[in-house]
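The residues making up each chain are set out below.
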Amino acid sequence: MSSASVAISMRLAPWLGPLRSMLRLGGSLLLGFAACAGIALCVGIDPRLMLSAWLKGAVEGPQVFETVARSMPLVGMAVAAAVPLRAGIVNLGADGQLVLGGCAAAIVALYLPVPAAVRLPMALVLGATAGGAYGMLAALGELYARVPLLLSTWLLTYPAKGLCGYLVRAPLRDPITAWPSSYRIEPAARLPQLLHGTPLNDGLIIIAVLAMLVVLLDRYTAVGYEIRMRGLNQRFALYGGVALGRQTLWLMAASGALAGLVGAIMVLGSQYRFTDGALTAPQYSWSGMLAALLAGGEPLGAVVAAILFAALQTGGFAMERSVEIPRVLTMVLESMVILFLAMRGATWRRLR
Amino acid sequence: MTNSFFTAQFFDQVVLGITPILLAALAGTLSQTVGLFNIALEGQMLVGAFAAVAGAHFGGSLADAVILAVLAATAFSGLLALGSAVFGGNDIVIGISLNLLAAGLTSFLLRSLFGVSGTFSDSNMPGLPRLHLPWVSQLPLLGQALGEQNALVYLSWLLVAVSAGALRFTPWGLRVRGVGEDFRAAVSFGVHAQRHQVVVTLLGGALCGLAGLQLSLGSLTLFSENMTAGRGWIAVAAVMLGRARPLLVLAACALFGFSDAVGLRLQGQGLPNQITDSAPYVATLVALIVAGLRQRFRIVPQPSPLPTPQPEASRSAP
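Since we're looking at a predicted model, the values are computed, not measured.

Conventions adopted
Residues numbered from 1 in each chain as written. Chains lettered and ligands numbered in written order. Predicted model: local features only at pLDDT ≥ 70, side-chain atom pairs only at ≥ 80, totals over all residues. Helix = DSSP H or I, 4+ residues; strand = E, 2+ residues; numbered from the N terminus. Rg over C-alpha atoms; globule rule 2.2 N^0.38 Å. Buried ≥ 20, exposed ≤ 12 C-beta atoms within 10 Å, placed from the backbone. Contact = placed C-beta atoms within 7 Å. Axes fitted to C-alpha atoms, helices over the stretch in contact; angles between N-to-C directions. Parallel < 35°, antiparallel > 145°, perpendicular 65-115°, else oblique. Left-handed = near helix turned anticlockwise from the far one by under 90°. Nonpolar A, V, L, I, M, F, W, Y, C, P; charged D, E, K, R; others polar. Expected span 1.5 Å × (residues − 1). Bend = angle between axes of the 7 residues up to and from the residue. Core = buried A, V, L, I, M, F, W, Y, C linked by C-beta atoms within 7 Å. pLDDT = per-residue confidence, 0-100.

Caption draft 1: The arrangement of the overall build of chain B in detail. Secondary structure summary: chain B contains 14 helices and two strands in total. In terms of C-alpha radius of gyration, chain B reaches 20 Å, essentially the compact-globule figure of 20 Å for 318 residues. The dimensions of chain B, computed from C-alpha atoms along their principal axes, are 55 × 50 × 40 Å. For chain B, with 318 residues in total, the buried portion stands at 52%. For chain B, the share of sequence-separated contacts (at least 6 apart) that also reach a separation of at least 24 residues comes to 72%.

Take a look at the structure:
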């Protein structure tokens, strides 16, 4: 090899890795869409019609705002999943943290005897705190009783959902609603609208700022470096002096707090009351988890993937309306993309 | 109090609660013994439950339901075998995506094949008939629980014994354990390690199919979205608590069946069901914490109870 071509390949080298992973990502997405087209054929629907309805429904006209509004909780949950995933920790309990955050925020916004302008920030902070404390609880379980986080986070979602479901059925119940939910939060304690006539609220800004913060922390600080090192090789991080236990604790607290904050924003900014099941039914936390897995825990990639998933989900509604394909197909597509990606293996072996 | 609490019906519910978890936990036990960490039990069960109802509804007979449930769940576990045994992908990522794929796919098919969302039930569907064992069903308190179950319940008990015996005493079991203990050493002894992993994963899929069958046609005949409700994860916890030994895993499953029935019973006595529904999950957590603390305060520290996939450390030598 001549020296010139060596120089060129040296210059290209840093791009080859990302290029290969982009190709792999594109391939998985294509395979996922192909599988969905196959499913559509099986149930007797023209796949071209389905695809055009799906993609158009995501970006056409006022649908763009729907996509942006939907990407708020999705980006939040994707970052919540990505923060511990970056260190190789899987938080499967985002649903419980989300619900606790929403419930705590609703209680503060409804019952705390202070002016509404104070109640709003307090509700946001306490919602995040509730989620964070619950995430920390799972981490404590692993540190002190060696209960694997993978199981404890998942198992803890059930008591959280049960508790909040009970609260809005008995003590907090607004009797005029058909579905068990709390009273309506007064307008002064709600998150203000960002653009009138659209479903966007100030929560979008909060989540965008936090997501940016996580990206910066991940890239440019010592803390982020330690987390990334652990994700690459836990033993090396330990050897390098990272206090793994304390790191687990704070990663889970941060992840839970982000999930709790998303719940608080949903309650204070768009639902205006805590309704049983309203936060978990759209499966934001699972889509967020899949988005984080798609990016391998890298926060910026997780944000991009979450926005992509938000667009696909918004398109799913249009698809359901116009060609009568159940929009659950979006979930099928998302999980298939991750499945194909994980099957290609080698990059993911590290997570073990 | 004890008289009204521990009735024949209570023990019947215990056995009914144990069965699907036990079948799935056996699948998990086999997987872990061969050195794979299977957290896709939940999804495989859900696929089995859906396929059983589809078979019973469209085929009309119980045989169709059984065959379709086992075939569908085995095919679904083929994805796991392909991903983690053949391509060597991360089994946690593959497990999570398979669970979500199963949830999405079954809801999708429920809507497009049956035209309903939420729950599908059909009174013409054949359920698994309850048997009446001659002497056992005459027992005073446990008669109904032990003597009047369907064939699948008895099969699950038999399978515990069969899998324990097969793993312990047959050449096949020795090879499976060897692959789990040390993959490369097994290869160097001429064992087709990867083939064993694939076969065991598919076998686990069939077991999960039976678990799903029990769930959807065992006592009620219906399918509802996400009807597994975390049972697959409880099975994962049971495998961990039982350290992948079939008999210990059975004991762990009994604990969950018991707490499930206690929850149901407390609900009957007026506690809100949102609280009592979380009883099995809380009991699982408590059991995991107790087991973890026991490990922690042991004088000779044992290796971590976390099921690590390749170097199987938590089991002692056979």
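Picking up where we left off.
Caption draft 2: Representation of the packing of helix H4 (residues 94-111) of chain A against helix H10 (residues 244-271) of chain A in the model. Residues and elements named next belong to chain A. As a packed pair, H4 and H10 sit with axes 7 Å apart at the nearest point and diverge in direction by 50 degrees. Between H4 and H10, the crossing angle belongs to the class labelled oblique. Helix-helix and strand crossings are classified by hand; for H4 and H10 the assignment is right-handed. Of the residues in H10, those in contact with Ala94, Gln97, Leu98, Val99, Leu100, Gly101, Gly102, Ala105, Ala106 and Ala109 of H4 are Gly256, Ala259, Gly260, Leu261, Val262, Gly263, Ala264, Met266, Val267 and Leu268. Taken together, the residues that form the contact of H4 with H10 break down as 14 nonpolar, six polar and no charged.

Caption draft 3: Structural view of the interface of chain A and chain B. Facing 40 residues of chain A, the contacting portion of chain B comprises 44 residues. Of all the secondary-structure elements, those providing two or more residues to the side of chain A that touches chain B are helix H5 (116-145), helix H6 (149-167), helix H11 (284-294) and helix H13 (329-343) of chain A. By residue number, the principal contributor to the side of chain A that touches chain B is H6(A), which donates ten residues. Among the residues forming the side of chain A that touches chain B, the class breakdown is 29 nonpolar, six polar and five charged.

Caption draft 4: Representation of helix H3 (residues 63-85) of chain A within the structure. All names here are of chain A. Counted at 1.5 Å a residue, the expected span for H3 with its 23 residues is 33 Å, and the 31 Å between its end C-alpha atoms agrees. The sharpest bend along H3 measures roughly 30 degrees and falls at Ser71, with the proline Pro73 sitting one to four residues further on. The buried count for H3 comes to 19 of 23 residues, which makes it a mostly enclosed element.

Caption draft 5: Inspection of the nonpolar core at higher detail. If you look at the biggest cluster of nonpolar residues, it comprises 212 residues, and the most contacted ones within it are A:Ala78, A:Val79, A:Ala105, A:Leu268, A:Ala291, B:Ala24 and B:Ala238. For this core, the element with the most residues is H10(A), which contributes 14 residues. Those residues in contact with A:Ala78 that sit more than four places away from it in its chain are A:Gly288, A:Ala291, A:Ala292, A:Ala302, A:Val303, A:Ala305 and A:Ala306.

Caption draft 6: How the structure looks around the confidence of the model for chain A. When pLDDT is averaged across chain A, the result is 85; 93% of the residues are at 70 or more. Confidence over residues 346-352 of chain A falls short of pLDDT 50; this stretch has 14 contacts with residues more than four positions distant or in other chains.

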